[in-house]
Structure formats: C-alpha cells, structure tokens
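# Examination of the molecular architecture
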Amino acid sequence: MAYINENYLKLPGNYLFAEVARRVAAFRSEHPDAEIIRLGIGDVTLPLPAVSIEAMHAAVDEMAKKETFRGYGPEQGYDFLIDAIIERNYASHGLKVERDEVFVSDGSKSDCGNIQEIFSSDAVVAITDPVYPVYLDTNVMAGRTGALGADGRFEGVVYLPSTEENGFAPALPDRPVDMIYLCCPNNPTGTTLSRAELAKWVAYARENDAVILFDAAYAAYITEPDVPRSIYELDGARDVAIEFRSFSKTAGFTGTRCGYTVIPKSVTAKAKDGSRHPLNALWSRRHSTKFNGTAYIVQRGAAAIYTDEGQKQVAANIAYYMENARIIREGLSALGLSVFGGVNAPYIWLKTPKGMPSWTFFDKLLREANVVGTPGAGFGPCGEGYFRLTAFGGREDTEKAVARIREKLHV
Ligand code: MLT
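These lines cover the structure that appears in this document, whether it is placed above or below.

Cut-offs used in this document
- Residues numbered from 1 in each chain as written.
- Predicted model: local features only at pLDDT ≥ 70, side-chain atom pairs only at ≥ 80, totals over all residues.
- Heavy atoms only, no water.
- Pairing = 2+ DSSP bridges.
- Helix = DSSP H or I, 4+ residues; strand = E, 2+ residues; numbered from the N terminus.
- Axes fitted to C-alpha atoms, helices over the stretch in contact; angles between N-to-C directions.
- Contact = heavy atoms within 4.5 Å.
- Buried < 20%, exposed > 50% of the residue type's maximum accessible area, 1.4 Å probe, protein only.
- Parallel < 35°, antiparallel > 145°, perpendicular 65-115°, else oblique.
- Left-handed = near helix turned anticlockwise from the far one by under 90°.
- Nonpolar A, V, L, I, M, F, W, Y, C, P; charged D, E, K, R; others polar.
- Salt bridge = Lys/Arg side-chain N within 4 Å of Asp/Glu carboxyl O.
- Core = buried A, V, L, I, M, F, W, Y, C linked by side-chain atoms within 4.5 Å.

### Observations regarding the sheet that holds strand 7 (residues 241-246)
- Taken in spatial order, the seven strands line up as 2-8-7-6-5-3-4 in an open sheet, and their pairing is mixed. Each end of this open sheet is capped by a strand with a single partner; those strands are strand 2 (102-105) and strand 4 (158-161). On average, adjacent strands in this sheet sit at an angle of 20 degrees to one another, irrespective of strand direction.
- Sheet topology places strand 5 (residues 179-183) next to strand 6 (residues 211-215); five bridges connect them, and they run parallel. Bridging across to strand 6, Met179 finds its partner in Val211.
- Packed onto the sheet, helix 3 (residues 79-90) meets strand 2, strand 7 and strand 8 (259-262) and runs at close to 115 degrees relative to strand 2.

Structure, rendered in structure tokens:
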C-alpha cells in the first residue's frame, strides 16, 4: 500500500502564481478581446543579452563536434563559470569565496526550495511575513510545520512581520529558531535591509547557532550604497549564512534556468550527538546525488555576462526595468496610493485603496483596467491589504498599465 506524504494536504490548493494564472485564464475566456497587461509574476520580458546568445550558439557548435562534445559535466558547475562568479561578485568586492563553495544549479528557486533537506526535520523555521512562498511551502511539504490555522499561519513556524510600521525590517524572533530565511532585496515588498539591520541578523545567528538562508536573487537591482549586495559583506556571516543568487532576474534567464548557491565551508550545524558538520559537505552530497549539472550551453551563456561587454548589456537591461519601476512608483504615488519598493528592486508594493482585501483588488484591477498583479495576501497574512506589481513588463505595457489604473480604476 502506497501512502501519500500528508504534509502536502496542509498546503492551500494552488501555488500562488498558479492561482493567479487560473483567475486570469477564467477572465480571458469570458472576455476574449480584453487586452490584458501582465505585471503579476516577476517574469522578464527583454531577450537574453547578446553576449549570452553568442556564447550559447558557440556552445551548441561545440556540442555538434566529436572533439568538443560534452556529456555529463561537473555536478557543481564548470570552473569557467564558478571562477567568473567568484571574480565579479565576490573577489572584486573584497569578499573571499572558494571554488568548492559555489554550487551552480538550474535556478535559485530550486535551491531555496531544496536547501531545507539538509536540516533536521524538527528544525524551527523563521520566515518573514509577507514572504516568497517557496521557503514556506517546501518546509510544509517536509513536515516542519503543523496545520494551517484560521489566521493564515502554519503552526510551528516563527513568522517575522515585515510591515509598513517596522519599515519592512522585521524584529528578531522572540523564541529560538534554527533556519532563518531572509530575502534582500525583498520579494514581494521590493524593500531592503540596511547594513546595520543585516548585521543584527548575523549577530543573532551567531549567538543562537542558527543558519541564515539569504536569498539575493535581486542583488543586481540595488542602487543605494547602504544595502549590502551579499550577506558576506557582514563580518561573521561566513560562519552562519548560505547565499542564493540567480541569473533569472539579473540576465533574463527565467526560461533558460541558471542560478547558484554559496555555502562557505565554515558554516556548520550540529548532529543530535553534538558533533558539528559543514553544511557545504552535506549540500555537495545532495547536489551530486540528485543533480547532474546545469546544461553546458546554459553555463556558457551565464558566464558570458561576466565579460566587460556582458556587464554593460546586463546593466542596460536592469536600467530598463528600473525605469519601469520608477514609472509605476511615481505614477501610483501621484494617484495618492501608498507605494513601497521599486528603488533597489523590480517590485512595487502598494497599499490597496480603502483597505480593500488583496484578492478583491486583484479582481477589480483585472476587470476594470485589465491589469494583472499579485495579491499581497498570497505572500502571507501581513500582505493582506497590499498588492505587488512587477517592473519586468515592456515599457509600453508598463506605461499603459499606469495610465489605465489612473483612468479606469474606480475606487
Ligand atoms: C515572483 O514573481 O515572485 C518570482 O518570479 C517567482 C520566482 O522567481 O520564482
């Protein structure tokens, strides 16, 4: 008799973006002529940088010849990509990261979701609220939580409210926790933690023998000097933090898939007998057992962004999206809406007018302006009454969306 993993039954029916897609499809079937603008899921719209395309074409040609064909690659990633990552993102900023501390993967969503496997099944998880749903859902699936309560919170999880009132800088947990998920720049709020705020978390993790799981997928969007690009800019973080990075939002790889995780060998955690073990070795074991490496062609495309020309092309794409962010932020502020984020991140977090519930606002915006966003409540109870728009749309769509919100939305 095969029994199911009943932890899955604790989860609400659909993954957030699947539910958004379902509602949009239902609207489209009723209104086939509506010109829908999608600023919901944070999916890029600009094509891959030209350097990546060239590098991938060349890699395809290599695959076509017996002499240069490649089969299985190193599970952890090719050195040409790992070296480029270390040089551009760490060494050139004075940060030490070694080759065997970088794990290339098929994207940081997979890594953020899978990392929990190397922790004990009774580890206490702390997440910010609102939060990128992957951190929470994967821990629910793994059985680290109880049931979902009427308050929208899973039993056993330590929620860290991240709200307008605390400037989106959550307070430290009021009870011991083991795994702390932080996302900076933040998805969904588009806000950031300052160096001083992050230093508090590193100190907390060191004092409480906790591990910080730091999602820096949006690091390339930071414009302000006081926001660390990497958690390793903080003293002591190499002992307590794992960092996730992505090529998706940096270089348009949402469909191409490539990301990486950094696990310094100095990050350790305890076994029940009290012995300490490097998490790097555990993740390496997991990675090489469950993953056969990111495609060579894709890794060539990713490495190309670290050339001087690649850096210029990526910067131009990011500037394009951040101009969209400015258009949304300023356009909605001019309408009197309270708007957050969009300065160091491609997400704009707005307070729904008249305290409208997030999903009500979602339906209203779709119906009246034919614009799709993401309801804040989908990211956690503290997201109720908020709404997220992404800056990843095309320029024309972004301008049109703001104009439609101004002209057609009746609140
Ligand atoms: C989002 O819209 O929150 C992201 O695109 C989801 C993701 O990166 O997986």
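### Structural notes on the pairing of strand 15 (residues 386-390)
- Extensive coverage of strand 15 is indicated by the burial of five of its five residues.
- Across the two faces of strand 15 the burial is the same, with Tyr386, Arg388 and Thr390 and Phe387 and Leu389 all buried.
- Direction of pairing for strand 12 (residues 347-351) relative to strand 15: antiparallel, over a ladder of five bridges. When the sheet's bridge partners are listed, Leu350 is paired in strand 15 with Phe387.
- As paired elements, strand 14 (residues 374-375) and strand 15 share two bridges and run antiparallel to each other. Looking at strand 15, one finds that Thr374 is bridged to Arg388.

### As for the packing of helix 2 (residues 50-63) against helix 9 (residues 296-303)
- Between helix 2 and helix 9, the shortest axis-to-axis distance is 8 Å and the interhelical angle comes to 150 degrees. The angle between helix 2 and helix 9 places the two elements in the roughly antiparallel class. Relative to helix 9, helix 2 is oriented so that their crossing is right-handed. Where helix 2 abuts helix 9, its residues Ser52, Ala55, Met56, Ala59, Val60, Glu62 and Met63 lie against Tyr296, Ile297, Val298, Arg300 and Gly301.
- Each residue belonging to the contact of helix 2 with helix 9 can be placed in one class, and the counts come to eight nonpolar, two polar and two charged.

### Comments concerning the pairing of strand 2
- Burial of the side chains of strand 2 extends over both faces: Val102 and Val104 are buried on one face and Phe103 and Ser105 on the other.
- Relative to strand 8, strand 2 runs antiparallel, the two being bridged by four bridges. Bridging across to strand 8, Phe103 finds its partner in Thr261.

### Notes on the sheet that holds strand 14
- Read from one edge of the open sheet, four strands run 11-12-15-14, paired in antiparallel fashion. Looking along the sheet, the strands with just one partner apiece sit at the ends: strand 11 (339-341) and strand 14.
- Note that strand 11 and strand 12 share three bridges and pair antiparallel. Pairing of Val339 across the sheet is with Leu350, part of strand 12.

### Overview of the pattern of salt bridges
- Counting across every chain of the model gives 29 salt bridges.
- Note that Glu98 is salt-bridged to Lys96, the shortest N-O span being 4.0 Å.
- With a relative accessible area of 51%, Lys96 lands in the exposed category.
- Between Lys265 and Glu101 there is a salt bridge; the shortest N-O distance is 3.8 Å. Taken together, the residues span a long stretch of sequence, with Lys265 in the loop between strand 8 and strand 9 (268-270) and Glu101 in the loop between helix 3 and strand 2 at a distance of 164 residues.
- When its relative accessible area of 33% is taken as the criterion, Lys265 is described as partly exposed.
- Owing to a relative accessible area of 1%, Glu101 belongs among the buried residues under this scheme.
- One network of salt bridges, in which partners are shared, links Lys96, Glu98, Asp100, Glu101, Arg238 and Lys265.

### Quick notes on the environment of Phe361
- The residue Phe361 is located in helix 11 (residues 358-369) in this model.
- Residues Phe361 and Tyr386, 25 residues apart in the sequence, show an inter-C-alpha distance of 8.8 Å.
- In contact with Phe361, not counting residues within four places along its chain, are Leu350, Thr352, Pro353, Met356, Phe387 and Leu409.

### Digging into the nonpolar core
- With 98 residues, the main nonpolar core has Ile212 and Phe247 as its most contacted residues.
- Looking at which element gives the most residues to this core, the answer is helix 10 (residues 308-334), with eight residues.
- Ignoring sequence-local partners within four residues, the contact set of Ile212 consists of Ile180, Leu182, Trp201, Val202, Ala205, Ile231, Val240, Ala241 and Ile242.
- Counting residues in each nonpolar core, the second largest holds 29 residues, with Val125, Tyr135, Phe154 and Val211 among its members.

Keep in mind that these numbers describe shape and distance, not what the molecule does.
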